[in-house]
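A look at the structure
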Amino acid sequence: MCLAIGVAGVLFQLVLNPPLPTQLAWSAPWGNALGALCVLLPPLVMVVGAAWLPITWLRAVVSVWVAGSVVVYALVPWFATRAHVQVDSGTFWINATPPGVCAAAVLIMPGWLVAAYIPVQVGMGAFVWWWVAIDPGVFRVSQAFVGQTLLGLVFAGIMLRALGSAATLDADTETLRSAAAHRAEVSARSVERARLDGLVHDTVLAALLTGGRGGDAVVACNAARVAIETLDGLTADNAADAVLPLAEFVARLKQSCTTICPAVRFSMSGGDSDCALSVSVAQLLRDVSGEALRNSMRHADLPGRTVIRRVDAHIAEGNIVVRVADDGAGFDPQRVSRARLGLQIAHSRVQRCEGARLRISAAPGKGTVVEVVAPTGSSVTALAETAAPDIGQSRSTDAPTMVRFYSRAAVVLAVTWITGESMRAWDDPSMLGVPFAVALIALFIGAAILCRPGPDPMPVRPAAAMAVIPVVVAVCNIVTMARADAPSPMYATWAWTPAALLMGFLTVRGRFGLAWIGALSAAATYTGWEAVSHHPVQGSFYGQLPWQLALTVVCTLFAIGMRRQVRRINSIRERTVVVTADRARAVARLRERDEQLAYLDDIARPVLALIRRDGTLDDAERLAALLVEARLRDRIRARGIASEELLDAATRARARGVEVVLLNDGQPPTDRVDAIVQTAISELDRATGSRVTIRILPPGRRMACTIVHADAENRRVEIPGSAAEPAPALSPP
């Protein structure tokens, strides 16, 4: 911004006002120095120091320029009176001051002070011009300063809009950060909970079930030891991208399998000494194969013969395959729902590993084969956790949005300024013909295209249409100039400046090439006609050329700086949101892990310690182990409604001999959770039959939950899915 404003100040004062040195000579030497210091030096310093001066120094330089212009306005009448000089109103150098100063004032003043400063500066400038001009007609003075002031207001408005948008972006970024942090926290807790549920299911539940059912003491003791080691190791996170040598993986896999089933037959083939796989994939293979082996131990035995169990690992073609097989009882896969807890967890784990597959084949009386395949170069990722947070691409800003090109205020300012510039044509009523109307309409069309919302950069077709407008208005101005009674070129070419500014702002919309094609085509049209015609315009077009091109130069520099700043803002915003989400995710994972570990330490660890002691439990201890196992299983299966009060009610019912099954096939409506929990507690406390099944129904059902009692009446309780529905109802099963 400082660079663009500084270049504008230098160009306006030097390139556009050759009489500056002569007019400064009216004053005493100290007046020359003061005028140069206050009006010319600050923009020059802004140009030179924009890249390396500290912002506080730049603000000081801008302050000198803004305050100094008022001082110069105040002193010029006194110097002009002492020197007894007057100048033509069209060549007075101070005419070029308002645009740059108005824009610079925005950098150091609040909006209300800018609104007060600009009228003061404009009023003083108009008075000075009227005082020293030879032909200070009120109309001419006002129209010139109105045009210059409106141009200054255009730049000042853009600056204010940009700064205001920056403040809005800060607030918007904070909102994005909060939303990203919330999403990351919810996602991370869910993912961490699922990970811990898998570990608990494979180790803690297996140990509790083995000990509670009075199985082999050695197996139960080993299972409890593994479960306690798993709980102890929850605080030692392994990096997902860490690698494990193949030999070490094989040793760990074999140890894990023989701990579960000492008689298992283990084999390894393929691979080489340099082969390795990620720690996360190794853990996946161990977990899935361990659970398959435990299921085989529970369900595959046949009376009268020994079931052979095998675990075979093989590496080939970049994949590692672990196959768990037995020749036991088998089962019919079509009759086993994938909603079973063990299958749910296994499939969930495999899905988090890119390229991994899980295959289960079995048949009654012919054994079971569970095979998991994973690429050796992959890693298990928590998809919901590692995905980049959704910061919303539509929320990314762009340069036109930053300067509010699409606002009503921008439209009003554009129309006002173009209308103000057209006032120059009113100096000669003969100019108000068809060419004037065509030029005015073309400029309004260009402003409408410029302020129309759209993608960034602007699409090529509307941008190309805008690039034609400067040539159209140039032709209209030349038609007016070509008349025998042609007016002054300064007024006949009134549309050149608005067209040049439209091209300048087209660069802000991202179309630099088309903008310069339009600006240079208009310049070539004016100067070309002047070169080939014999009209006595006395080089007026050549004289105005630097002014018109300077506008496009200033806007181009502004657009480059603005677009670069926008890219930086979007990049910083994205990095800020990502960092915030990552931090929230890490904190949420630790919090979830600590909470789950504290719960397991309180509920399960004491019973696991009893099992690890010698692997055998008395009747009361076995009942306690089974109740704890059921409680943890309920907590995993029906997380949406598994409050401690409901789990306590389920434990009381089981202690009375009632089989309790909690099934979670969907997420209960938030406004119905309390009703479901309270109804379920009431039904469990009054249950007298052999079995109570509490099931959360899938989304889209009219009912949110059903509670079925396997008792003398086979009662069924239905809980509606909407608070507007009637209270829980009884119906036949």
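Bear in mind the structure is a predicted one, so any value in this text is a computation, not a measurement.

Time to look at the side chain of D312. Residue position: D312 is located in strand 4 (residues 309-316). Looking at D312, its side chain comes within polar contact range of the side chain of R310, at 3.2 Å. Other than its neighbours up to four places away in sequence, D312 contacts S267, V321, V322 and R323.

As a further point, take the packing of aromatic side chains. Evaluation of the coordinates by the stated rule reveals one aromatic pair. The interplanar angle of 25 degrees and the centroid separation of 4.0 Å between the aromatic rings of W496 and Y526 together place this pair among those described as stacked. Of this pair, W496 sits in helix 18 (residues 496-508) while Y526 sits in helix 19 (residues 512-532); the two residues are 30 residues apart in sequence, bridging distant segments of the chain. In this structure, W496 and Y526 share a single accessibility class: buried.

A full pass over the atoms with the stated rule returns 30 salt bridges. A salt bridge links E371 to R359; the nearest nitrogen and oxygen atoms lie 2.1 Å apart. In this pair, E371 sits in strand 7 (residues 368-375) while R359 sits in strand 6 (residues 357-362), placing the two residues 12 residues apart along the sequence. In this structure E371 comes out as buried when scored by relative accessible area, which is 15%.

Core analysis: the largest hydrophobic core is formed by 36 residues, its most contacted members being L443, M466, V473, W494, M503 and L506. Those elements that place two or more of their residues in this core are helix 14 (408-422), helix 15 (434-451), helix 16 (460-481), helix 18, helix 19 and helix 20 (540-603). At eight residues, helix 18 tops the list of elements feeding residues into this core. Excluding residues within four positions of it along the chain, L506 makes contact with L450, M458, A463, M466, R511, L514 and A515. The next biggest cluster of nonpolar side chains, apart from the first, holds 32 residues, and it includes V250, V322, V324 and V372.

On to the environment of R183. Residue placement: R183 occurs in helix 7 (residues 138-212). Once the C-alpha coordinates of R183 and A584 are considered, the two residues, 401 residues apart in sequence, prove to be 9.0 Å apart.

With omega at 0 degrees, the peptide bond leading from D456 into P457 counts as cis. With respect to the element layout, P457 can be found in the loop between helix 15 and helix 16.

Between its first and last C-alpha, helix 10 (residues 279-299) extends 30 Å over 21 residues, near the 30 Å set by a 1.5 Å rise per residue. Of all the 21 residues making up helix 10, 15 are buried; the element is thus mostly covered by neighbouring parts of the structure.

To continue, consider the packing of helix 8 (residues 217-232) against helix 21 (residues 605-614). If you want to describe how two helices pack, look at the angle between their axes and the distance between the axes. Helix 21 packs onto helix 8 with a crossing angle of 140 degrees between their chain directions and a minimal axis gap of 7 Å. Considered as vectors, helix 8 and helix 21 are oriented oblique to each other. Our pair here, helix 8 against helix 21, has a crossing hand that is left-handed. Facing helix 8, whose interface residues are A217, A220, C221, A224, R225, A227, I228, L231 and D232, helix 21 presents R605, L608, A609, I611, R612 and D614. For the contact of helix 8 with helix 21, the class distribution of residues is 10 nonpolar, no polar and five charged.

It is worth spelling out the pairing of strand 11 (residues 716-720) at this point. Along strand 11, four of the five residues are buried, which leaves the element largely enclosed by surrounding structure. As paired elements, strand 10 (residues 703-710) and strand 11 share five bridges and run antiparallel to each other. When the bridges of strand 11 are listed, V708 appears paired with R716. Counted along the chain from strand 10 to the antiparallel partner strand 11, the turn is five residues long, and its residue N714 has a positive phi close to 50 degrees.

Each value, and the rule that gives it
- Residues numbered from 1 in each chain as written.
- Predicted model: local features only at pLDDT ≥ 70, side-chain atom pairs only at ≥ 80, totals over all residues.
- Heavy atoms only, no water.
- Helix = DSSP H or I, 4+ residues; strand = E, 2+ residues; numbered from the N terminus.
- Polar contact = N/O pair within 3.5 Å; in protein donor to acceptor, adjacent residues only side chain to side chain.
- Contact = heavy atoms within 4.5 Å.
- Phe/Tyr/Trp six-rings, centres within 6.5 Å; stacked < 30°, edge-to-face > 60°.
- Buried < 20%, exposed > 50% of the residue type's maximum accessible area, 1.4 Å probe, protein only.
- Salt bridge = Lys/Arg side-chain N within 4 Å of Asp/Glu carboxyl O.
- Core = buried A, V, L, I, M, F, W, Y, C linked by side-chain atoms within 4.5 Å.
- Expected span 1.5 Å × (residues − 1).
- Axes fitted to C-alpha atoms, helices over the stretch in contact; angles between N-to-C directions.
- Parallel < 35°, antiparallel > 145°, perpendicular 65-115°, else oblique.
- Left-handed = near helix turned anticlockwise from the far one by under 90°.
- Nonpolar A, V, L, I, M, F, W, Y, C, P; charged D, E, K, R; others polar.
- Pairing = 2+ DSSP bridges.

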